[in-house]
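Now for the letters of each chain:
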Amino acid sequence: MACVKHLACTELQKEKDYNTVDMSRRRMYQKYLPPYKAAVEAGAGSIMTSFNVVDGIPATGNKWLLTDY
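Computed from a predicted model, the values in this text were never measured in an experiment.

Reading the values: the criteria
Residues numbered from 1 in each chain as written. Predicted model: local features only at pLDDT ≥ 70, side-chain atom pairs only at ≥ 80, totals over all residues. Heavy atoms only, no water. Helix = DSSP H or I, 4+ residues; strand = E, 2+ residues; numbered from the N terminus. Buried < 20%, exposed > 50% of the residue type's maximum accessible area, 1.4 Å probe, protein only. Contact = heavy atoms within 4.5 Å. Areas by Shrake-Rupley, 256 points an atom, 1.4 Å probe, with all protein chains shown as cover. Expected span 1.5 Å × (residues − 1). Bend = angle between axes of the 7 residues up to and from the residue. Salt bridge = Lys/Arg side-chain N within 4 Å of Asp/Glu carboxyl O. Phe/Tyr/Trp six-rings, centres within 6.5 Å; stacked < 30°, edge-to-face > 60°. Lys NZ or Arg CZ within 6 Å of the ring centre and 35° of its normal.

What about the overall build of the chain?
For the chain, the helix and strand inventory stands at 2 helices and 4 strands. Along the chain, helices (α) and strands (β) appear in the sequence β-α-β-β-β-α when read from the amino end. Expressed as a percentage of its 69 residues, the buried residues of the chain come to 26%. Put simply, of all contacts in the chain between residues at least 6 apart along the chain, 63% involve residues at least 24 apart. Entry remark: accessible area of the chain is about 4,800 Å², with carbon and sulfur atoms responsible for 54%.

As structure tokens, then:
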């Protein structure tokens, strides 16, 4: 089974490894979320969340990120 990693908005920042990312939902919809949507539509069987936060909520427990968008 294919697993898509790491939902969502994980990006490298200068001199740091993965870190919390602050961005608008518009940027998320335009830049980050389309590849995840395409992977699911192509048949990916699972998605691993990232360890960062989105809107102040950890991605692993963010209802909007996991079920609503």
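Points about helix α1 (residues 25-41)
Here α1 spans only 21 Å end to end across 17 residues, well under the 24 Å set by a 1.5 Å rise per residue. At Leu 33, α1 shows its maximal kink, close to 55°; a proline, Pro 34, follows between one and four residues later. Among the residues of α1, Met 28, Tyr 32, Leu 33 and Tyr 36 are the ones counted as buried. Those residues of α1 that are buried lie in contact with β1 (3-7), β3 (53-54) and α2 (63-68). Following α1 by one or two positions, Gly 43 has its phi on the positive side, about 110°.

What about the pattern of salt bridges?
Applying the stated criterion across every chain, the model contains 2 salt bridges. When the shortest N-O distance is used, the salt bridge between Lys 63 and Asp 68 registers 3.1 Å. By relative accessible area, which is 56% here, Lys 63 ends up exposed.

A closer look at the packing of aromatic side chains
Applying the stated criterion to the full structure yields 1 aromatic pair. Ring plane angle 80° and centroid distance 6.1 Å describe the contact between Tyr 29 and Trp 64, whose orientation is recorded as edge-to-face. With Tyr 29 in helix α1 and Trp 64 in helix α2, this pair connects stretches of sequence that are 35 residues apart. Arg 25 extends its terminal NZ or CZ atom over the ring of Trp 64, reaching a point 3.8 Å from the ring centre.

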